[in-house]
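# What the coordinates show
Okay, here's what each chain looks like letter by letter:
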Amino acid sequence: MKRGKRKTVWAYLDGEKLVDVVQAALDNNMMVDDLKKKLIAENPGHTVTFTVESER
């Protein structure tokens, strides 16, 4: 069975790769959007960005 490329969401803190948001949300039994909000709230004064990337 062929599957398309898997995609995941990475969080970057001030341009440095921080965490795979999808995997962290699964590990913590949370929704991805809730974890994104939590990451932003826990890092005041820093730039938190999210990108969708293909897994290899």
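These remarks concern the structure in this document. Because the structure is predicted, anything quoted here is derived from the model rather than measured.

Criteria and cut-off values
Residues numbered from 1 in each chain as written. Predicted model: local features only at pLDDT ≥ 70, side-chain atom pairs only at ≥ 80, totals over all residues. Heavy atoms only, no water. Helix = DSSP H or I, 4+ residues; strand = E, 2+ residues; numbered from the N terminus. Buried < 20%, exposed > 50% of the residue type's maximum accessible area, 1.4 Å probe, protein only. Contact = heavy atoms within 4.5 Å. Areas by Shrake-Rupley, 256 points an atom, 1.4 Å probe, with all protein chains shown as cover. Lys, Arg positive; Asp, Glu negative; His and termini not counted. Charge placed at Lys NZ, Arg CZ, Asp CG, Glu CD. Core = buried A, V, L, I, M, F, W, Y, C linked by side-chain atoms within 4.5 Å.

## Some remarks on the overall build of the protein
A count of helices and strands for the protein gives two helices and three strands. Listing the helices and strands of the protein from first to last along the sequence gives β-β-α-α-β. Referenced to the eigenvectors of the C-alpha coordinate spread, the extents of the protein come out at roughly 45 × 25 × 15 Å. Counting the 56 residues in the protein, one finds 23% classified as buried. Taking as baseline every contact in the protein between residues at least 6 positions apart, the subset at least 24 positions apart corresponds to 54%. Of the roughly 4,600 Å² of accessible surface on the protein, a fraction of 51% belongs to carbon and sulfur atoms. Each charge class in the protein can be summarised by its mean position, and for the 10 positive and 9 negative side chains these summaries are 11 Å apart.

## Some details on the nonpolar core
Counting residues in hydrophobic clusters, the biggest one holds seven residues: Val9, Ala11, Val21, Ala24, Ala25, Leu35 and Leu39. Those elements that provide at least two residues to this core are strand 1 (7–13), helix 1 (21–27) and helix 2 (32–42). Broken down by element, this core gets its largest block of residues, three residues, from helix 1. The residues contacting Ala11, other than those within four sequence positions of it, are Glu16, Lys17, Leu18, Val19, Val21, Leu39, Thr49 and Phe50.

## Details of unusual backbone geometry
Even without a glycine there, the phi angle at Asp14 is positive, about 50°. Checked against the element boundaries, Asp14 lands in the loop between strand 1 and strand 2 (16–20). Phi angles above zero are rare outside glycine, and Asn29 is one such case at about 55°. The topology assignment puts Asn29 in the loop between helix 1 and helix 2.

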